Amino acid sequence: MNRKDFLKSGALLGAAAIVSSNNAFAQNLTNNNIDKLADANGNFIQQPLPYNETFLEPYMDAETLHLHYTFHHGGAVKGANKDLSMIKKVLDDNNIEIVDFWTKKLSYHSSSHILHSIFWTNLTNKQTQPKGELLKFIEKDFGSYDRLKVLIAETSKNVDGNGWGILAYQPYRNSLTILQCENHEKLIQWGAVPILVIDVWEHAYYLKYKNKRTDFVDALFNIINWDNVAQRLNEALKLVK
Ligand code: MN3
């Protein structure tokens, strides 16, 4: 499908196309398959971390990483599976007036699962820089890498309450875009494919950085895996080819 066809048909099948493409790119994206977020039956699964818990020291301490991955991300996966089964139960029991409660929960938990899965692969233990196609997009859409850094950092630091700063590819514009996501699912742009996500929930930094969210966000730039971000962009670009 070329870009024009994609945009024309996007209104009808945009969500489905993006979901299936995400799964396809997930399968070959990482050697540990961390983007494979559900099993063959559609139940959510949590992949192992792509590194051990001390790998991101000192910028992200092992205890924070352990608690974050095990209980916050892990809890979201359990929650999302419960939500799926409750939606089925509501339908089976013809108890449809409460279905909105569980669909909201599913939105929250499944979005958390997706973002956390991307987050782990977006990090590494060495400093990297954007290059190639990713750098070209950054320069086209934001002027320079330095300007993008300022923008994504400020966006992340200034999320109201818990949430995420997100760099995403927006296929409808063929451009990178910045999102300031509240909780895990609010203030999104439909169709946007997240390629870099920065978790600014307090659980992501409070043990080590206390109330200094800004220090945590600044420190993250030492461990962002721009090669992974570039790989995610390249896979997202296939949506419009
Ligand atoms: Mn988190």
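Preceding block: the structure.
Residues numbered from 1 in each chain as written. Predicted model: local features only at pLDDT ≥ 70, side-chain atom pairs only at ≥ 80, totals over all residues. Heavy atoms only, no water.

Peer 1: A description of the nonpolar core should follow, citing residues and the corresponding values.
Peer 2: Core analysis: the biggest nonpolar cluster contains 54 residues, and M60, L134, L167, L176 and W226 have the highest contact counts within it. Among the elements that line this core, the one with the most residues is helix 8 (residues 226–237), at six residues. Contacts of L134, omitting those with residues within four sequence positions, involve L176, I195, W226, V229, A230 and L233. Membership of the second largest hydrophobic core comes to seven residues, among which are A80, I87, V90 and W102. (Core = buried A, V, L, I, M, F, W, Y, C linked by side-chain atoms within 4.5 Å. Buried < 20%, exposed > 50% of the residue type's maximum accessible area, 1.4 Å probe, protein only. Helix = DSSP H or I, 4+ residues; strand = E, 2+ residues; numbered from the N terminus. Contact = heavy atoms within 4.5 Å.)

Peer 1: Can you tell me about the coordination of the manganese ion, naming the residues and giving the values?
Peer 2: In the first shell of the manganese ion, the protein supplies H68 (NE2), H116 (NE2), D199 (OD) and H203 (NE2), at 1.9 to 2.2 Å from the metal. The sequence pattern describing where the donors of the manganese ion fall on their chain is H-x47-H-x82-D-x3-H. Of this pair, H116 sits in helix 3 (residues 99–121) while D199 sits in strand 3 (residues 193–199), and the two are 83 residues apart along the sequence. Each member of the pair, H116 as well as D199, is classed as buried. (Donors = N, O, S within 2.8 Å, 3.2 Å for Na, K, Ca; no water.)

Peer 1: Describe the packing of helix 5 (residues 145–157) against helix 7 (residues 213–220), and please don't skip the residues or the numbers.
Peer 2: The interhelical angle for the contact between helix 5 and helix 7, taken along N-to-C directions, is 145°, at an axis separation of 10 Å. In this structure, helix 5 meets helix 7 at a crossing whose hand is right-handed. Across from A153, S156 and K157 in helix 5, the residues of helix 7 making contact are R213, T214, V217 and D218. The residue makeup of the contact of helix 5 with helix 7, split by class, is two nonpolar, two polar and three charged. (Axes fitted to C-alpha atoms, helices over the stretch in contact; angles between N-to-C directions. Left-handed = near helix turned anticlockwise from the far one by under 90°. Nonpolar A, V, L, I, M, F, W, Y, C, P; charged D, E, K, R; others polar.)

Peer 1: Summarise the packing of helix 2 (residues 62–92) against helix 3; cite the residues concerned and give the values.
Peer 2: Remark: helix 2 packs on helix 3, axes separated minimally by 8 Å, with the N-to-C direction vectors making an angle of 145°. Every pair of crossing elements has a handedness; the one defined by helix 2 and helix 3 is left-handed. Looking at the contact of helix 2 with helix 3 residue by residue, the class counts come to 14 nonpolar, 10 polar and three charged.

Peer 1: An account of the sheet that holds strand 1 (residues 163–170) is needed here, citing residue identities and associated values.
Peer 2: In spatial order, the strands read 2-1-3; together these three strands make up an open sheet with antiparallel pairing. Pairing within the sheet leaves two strands with one partner each, and these edge strands are strand 2 (175–182) and strand 3. Taken over all neighbouring pairs, the strand axes of this sheet differ in orientation by 20° on average, direction set aside. As paired elements, strand 1 and strand 3 share six bridges and run antiparallel to each other. Within strand 3, the position partnered with A168 by the bridge is P194. This element, helix 3, spans strand 1 and strand 3 of the sheet and lies at about 80° to strand 3. (Pairing = 2+ DSSP bridges.)

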